[in-house]
There are 2 protein chains.
Amino acid sequence: MGESGAYRRLPVAERRRQLLVAALDLFSHRPPEQVSIDDIASAAGASRPLVYRYFPGGRQQIYEAALRSAAEQLTACFTEPPAGTPTQRLRNALDRYLAFVADHDAGFSALVRGGCVTETSRTTAIIDEVRRAAAEQVFVHLGVPAPGLMLRMAVRSWIAAVETVSLIWLDEGRQPPADQLRDWLIDHFVAVLTATAAGDPQSSEVLSGFLAAVEGQPRSVR
Amino acid sequence: MGESGAYRRLPVAERRRQLLVAALDLFSHRPPEQVSIDDIASAAGASRPLVYRYFPGGRQQIYEAALRSAAEQLTACFTEPPAGTPTQRLRNALDRYLAFVADHDAGFSALVRGGCVTETSRTTAIIDEVRRAAAEQVFVHLGVPAPGLMLRMAVRSWIAAVETVSLIWLDEGRQPPADQLRDWLIDHFVAVLTATAAGDPQSSEVLSGFLAAVEGQPRSVR
């Protein structure tokens, strides 16, 4: 298959982006081992040699680039302006997160489940970075610049819970409905924070601020 | 290196077990990519050809066999006689689990973190089987033969939380002390169950039984 003249005229960055969008769409709905370079070329309306020109490392390289782009989108889901109550912010972020999970179902499962052929220490590092960014956002909105050990354990364990529950949600045909799952995840967050507050002064302070704001008194939680 | 006559006289199963014990010990304390066949042979007092005779697939095969043996040990940690309150049983199981994590620190981290060279869909399946077995044990002790979706989400998310927290615990030089972490994990479990009980009748029933037994009235929770 030759390239048409039109392809050649696309700027490099634009062409690369177009290939990545096509790849991410394919990787979102199939396990990575079921996506070939030919599939990507065909989805992008490009030739196989063109794909290799942009991604000489083949499927592994394009998978990692698509993963990086998905990780950026996912991290953007967590970014919420510091307005409204903490619960409202958590609700908005979870709504965006669950929409992302639903949009990238097979790819999300393959990625989080691990063990796929394209998994390397680099891809694991990208996913870990997303988890860290999610925790970071939670601390920002809780107004905690220096979270102690127990608060970090509470937040990181909740993030792991969200991830695991998302996989079950996909497996179960997206049941319960997204808004119900989101509300349960918020209750789950408050419950873990409450359990932690019993023995940890910092978590207790954070919880008080969180609950005060929930009760209709939005304020800077610190 | 030749084998001594003594080696040859060991029965096959016994020799295989001895190689596996040596391998598991090495894989427990280093990332798998830092364990060579020579290391395993030397730790077992055996020759390299002998290791290959038992494990013709080399490091990957011996790693998977060691992982299977570790998975059996870990699954055994969760097995608790149906005596005492649910909290006591959970406490016993968590004590054994945390002791296992402490004994297999580097290997546990590498395994759960993923992305290591020896990770395949087979190793991922072994780890997933352990998670499923852990959830299964929780349901047995809660007296729930047919857990519904929300209760499964609650228990699986708690197991994911335990796993994540174990990694942080290892990273943080095993702080907080194991008994404190174990008590927090029990509170965490009750908190998640409580959050779930609000909207799920089955979880609510399980929680009532759990709390009644905690309050010094051990009974069959059903």
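The name recorded for chain A in an unreviewed UniProt entry is TetR/AcrR family transcriptional regulator, from Streptomyces silvisoli.

Below, the discussion takes up the overall build of chain A. Across its full length, chain A carries 11 helices and zero strands. In sequence order, chain A lays out its α and β elements as α-α-α-α-α-α-α-α-α-α-α. Per-residue burial for chain A yields a buried fraction of 54% across its 222 residues. Sequence separation of 24 or more characterises 67% of the internal contacts of chain A that already satisfy a separation of 6 or more. When the accessible surface of chain A is summed, it comes to about 10,000 Å², and 54% of that surface belongs to carbon and sulfur atoms.

Quoted interface sizes are often the accessible area lost when the parts come together. At the interface, 31 residues of chain A touch 31 residues of chain B. As a salt-bridge pair, Arg152 of chain A and Glu172 of chain B come within 2.8 Å of each other at their nearest N and O atoms. Taken together, the connections running from chain A to chain B amount to six residue pairs in polar contact (both at pLDDT 80 or more). Contributions of two or more residues to the side of chain A that touches chain B are made by α8 (121–142), α9 (149–171) and α10 (178–197) of chain A. Here the side of chain A that touches chain B takes 13 residues from α9 of chain A, the largest share from any one element. Tallied by class, the residues present in the side of chain A that touches chain B amount to 15 nonpolar, 10 polar and six charged.

A few words now on the packing of helix α6 (residues 86–103) of chain B against helix α9 (residues 149–171) of chain B. All names here are of chain B. As a packed pair, α6 and α9 sit with axes 11 Å apart at the nearest point and diverge in direction by 40 degrees. For the element pair α6 / α9, the angle class is oblique. Our pair here, α6 against α9, has a crossing hand that is right-handed. Counting all contacts with α6, which are made through Leu90, Leu94, Tyr97, Leu98, Val101 and Ala102, the residues of α9 involved are Trp158, Val162, Glu163, Ser166, Trp169 and Leu170. Residues of the contact of α6 with α9, tallied by class, amount to 10 nonpolar, one polar and one charged.

Now for the relation of the copies chain A and chain B. Take chain A, turn it by 180 degrees, move it 0.0 Å along the axis, and it overlays chain B with an RMSD of 0.0 Å. Viewed as a symmetry operation, the transformation between the two copies matches a two-fold axis. Within chain A, Ala191 of chain A has its C-alpha nearest the rotation axis, a separation of 2.6 Å. Comparing contact sets, 100% of the residues at the interface of chain A also lie at the interface in chain B, consistent with an isologous, same-surface contact.

The next point concerns the nonpolar core. By size, the foremost hydrophobic cluster in this structure holds 144 residues, and its most contacted members are Met153, Trp158 and Phe189 of chain A together with Met153, Trp158 and Phe189 of chain B. Leaving out residues up to four positions away in the same chain, Trp158 of chain A has contacts with Leu90, Leu94, Val138, Leu185, His188 and Phe189 of chain A.

For the bond running from Gln175 of chain A to Pro176 of chain A, omega is -5 degrees, close enough to zero to count as cis. Relative to the assigned elements, Pro176 of chain A resides in the loop between α9 and α10. Look at Arg174 of chain B: it is not a glycine, yet its phi comes out positive at around 60 degrees. If you trace the backbone, Arg174 of chain B turns up in the loop between α9 and α10 (178–197). Under the relative-accessibility criterion, Arg174 of chain B is labelled partly exposed at 34%.

Tallying each qualifying case throughout the model produces 10 aromatic pairs over all chains. On the numbers, 6.3 Å between centres and 75 degrees between planes, the contact of Tyr97 of chain A with Phe108 of chain A is edge-to-face. Taken as a pair, Tyr97 of chain A in helix α6 (residues 86–103) and Phe108 of chain A in helix α7 (residues 105–113) lie far apart in primary sequence, 11 residues in all. Residue Phe108 of chain A is classed as buried on the basis of its relative accessible area, which comes to 6%. Residues Phe189 of chain B and Phe210 of chain B carry aromatic rings whose centres are separated by 5.7 Å and whose planes lie at 55 degrees to one another, so their mutual orientation is tilted.

Residues and elements named next belong to chain B. Mapped onto the elements of the fold, His104 is located in the loop between α6 and α7 (105–113). For His104, a relative accessible area of 12% corresponds to the buried category. Leaving out residues up to four positions away in the same chain, His104 has contacts with Ser28 and Gln73.

Rules used in this analysis
- Residues numbered from 1 in each chain as written.
- Chains lettered and ligands numbered in written order.
- Predicted model: local features only at pLDDT ≥ 70, side-chain atom pairs only at ≥ 80, totals over all residues.
- Heavy atoms only, no water.
- Helix = DSSP H or I, 4+ residues; strand = E, 2+ residues; numbered from the N terminus.
- Buried < 20%, exposed > 50% of the residue type's maximum accessible area, 1.4 Å probe, protein only.
- Contact = heavy atoms within 4.5 Å.
- Areas by Shrake-Rupley, 256 points an atom, 1.4 Å probe, with all protein chains shown as cover.
- Salt bridge = Lys/Arg side-chain N within 4 Å of Asp/Glu carboxyl O.
- Polar contact = N/O pair within 3.5 Å; in protein donor to acceptor, adjacent residues only side chain to side chain.
- Nonpolar A, V, L, I, M, F, W, Y, C, P; charged D, E, K, R; others polar.
- Axes fitted to C-alpha atoms, helices over the stretch in contact; angles between N-to-C directions.
- Parallel < 35°, antiparallel > 145°, perpendicular 65-115°, else oblique.
- Left-handed = near helix turned anticlockwise from the far one by under 90°.
- Least-squares fit on C-alpha atoms with pLDDT ≥ 70 in both.
- Core = buried A, V, L, I, M, F, W, Y, C linked by side-chain atoms within 4.5 Å.
- Phe/Tyr/Trp six-rings, centres within 6.5 Å; stacked < 30°, edge-to-face > 60°.

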